[in-house]
Amino acid sequence: MKDIFVNLGPNSYTITIGGGILDRLNNLIPDMISDFAQTEGRSNKAIIITDSNVEKIYGSDILKAIEKTGFDTKLVCFKAGEDQKNISNAQMLYESFFDHKMDRKSLVVALGGGVVGDLAGFAASTFMRGVPYVQIPTTLLSQVDSSVGGKTGINHPRGKNMIGSFYQPKAVFIDADTLTTLPKEELIVGFVEVIKYGMIRSKELFEYLEKSLPDILNLDKDALIHIIFNSCKIKAEVVEEDEKEGAIRAILNYGHTIGHAIETLTGYHGYKHGEAVGVGMLYASKIAKEMGLVDDEIINRQKELIKRLGLRTESRELDPKKIVEKLYQDKKTIGGRLRFILPESIGKVVISDKVNEDIIYKALE
């Protein structure tokens, strides 16, 4: 096992990464509980939140593992899908918390991908103004990105993640073995977030991806743990610098500005999150080229990796005008000024609010 300590003062926690982590939960959970129970106390109530896909594979085993730690545990399951990350399911979770007699020291366990983690974290952050929760991510996307950093939220028909909070988990347990049960297309779209980390902060990681993509897609455990560990390490370092996205944390949104607009315009059905982010990264790079920040090599190396994954590299079916209109509803827009994360080289990006619409349209078209 490898540990990464996320140093956020009273909100600090540890990310534990390895193989066979789920088999050790009945030992790991008590250790995690003892760390915060000394100051916060503990309850004997716990709720596991998962979706219909993950429940079939891991639901029963994780329920038994957490029950062994002494919790009166209930499992709550909702239908799988990005469109399920909504206010109705948040309300359903609140009702489950009440029914299970959860209190402010009870434990919420998010077991699943990014939708589960975001929704469970949001419900935990808002119920009784915050109850403890842990993340057990089971997809590559959630393991390298959404489970770390404390962003929680739900979607609105007018925008992705427009309702949410910053709320750090008490721990993150990442078991690389769960990726063996993941459909290949889900593994592939999660890989885009790893490309993002290479682009924003690690030329070495990006080059490792170019060299080791076949090993990763063949689920070589050492390769998987390598990319998960390094992605989480980068994100932890950025979050430590800027927990609530006042400044530098915005670089984690590379590719997400246009990516989120694409997801919203297609009703969260036309593109998987990672695929939309990949397209968004390429458009951001084309914007950077129009502004004289990069040359074609930076665009082409990203494009080649994304093409090797078999993913789309553009969004021809969407009207550029509608994409631009949707950009102005993005959370990162301040005072009517669009803000983009733009590459300067592999491993380095800048935050810019000086991108005009003419440049955006040229890149989109």
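Above this note sits the structure.
Residues numbered from 1 in each chain as written. Predicted model: local features only at pLDDT ≥ 70, side-chain atom pairs only at ≥ 80, totals over all residues. Heavy atoms only, no water.

### Observations regarding the nonpolar core
When a protein is soluble and globular, its nonpolar side chains tend to lie buried together.
Here's step 1: With 81 residues, the main nonpolar core has Ile15, Phe191, Ile195, Ile227 and Ile228 as its most contacted residues.
Here's step 2: The element contributing the most residues to this core is helix H8 (residues 221-241), with 11 residues.
Here's step 3: In contact with Ile15, other than residues within four places in its own chain, are Lys2, Asp3, Ile4, Val6, Val148, Val172, Ile174 and Cys232. (Core = buried A, V, L, I, M, F, W, Y, C linked by side-chain atoms within 4.5 Å. Buried < 20%, exposed > 50% of the residue type's maximum accessible area, 1.4 Å probe, protein only. Helix = DSSP H or I, 4+ residues; strand = E, 2+ residues; numbered from the N terminus. Contact = heavy atoms within 4.5 Å.)

### Side note on the sheet that holds strand S9 (residues 171-175)
Here's step 1: Taken together, seven strands build an open sheet; the order of strands is S1-S2-S9-S6-S5-S3-S4 and the sheet is mixed. Strand pairing shows two members of the sheet lacking a second neighbour, strand S1 (2-6) and strand S4 (72-78), which therefore form its edges. Across the sheet, the axes of successive neighbouring strands diverge by a mean angle of 15°, strand direction being ignored.
Here's step 2: When strand S3 (residues 45-51) meets strand S5 (residues 107-112), the two strands line up parallel, connected through four bridges. Along S5, the bridge assignment pairs Ile48 with Val109.
Here's step 3: Most of the contacts of helix H4 (residues 114-126) go to S5, to which it runs at about 165°, and overall it touches S3, S4, S5 and strand S6 (133-137). (Pairing = 2+ DSSP bridges. Axes fitted to C-alpha atoms, helices over the stretch in contact; angles between N-to-C directions.)

### Brief notes about the pattern of salt bridges
Here's step 1: Going through the model one piece at a time under the given rule, you end up with 23 salt bridges.
Here's step 2: With its nearest N and O atoms 3.6 Å apart, the salt bridge here joins Asp353 to Lys354.
Here's step 3: With relative accessibility at 34%, the residue Asp353 sits in the partly exposed group.
Here's step 4: The exposed category is assigned to Lys354, whose relative accessible area is 63%.
Here's step 5: A single network of salt bridges, built from pairs that share partners, joins Glu82, Lys85, Asp118, Lys160 and Glu263. (Salt bridge = Lys/Arg side-chain N within 4 Å of Asp/Glu carboxyl O.)

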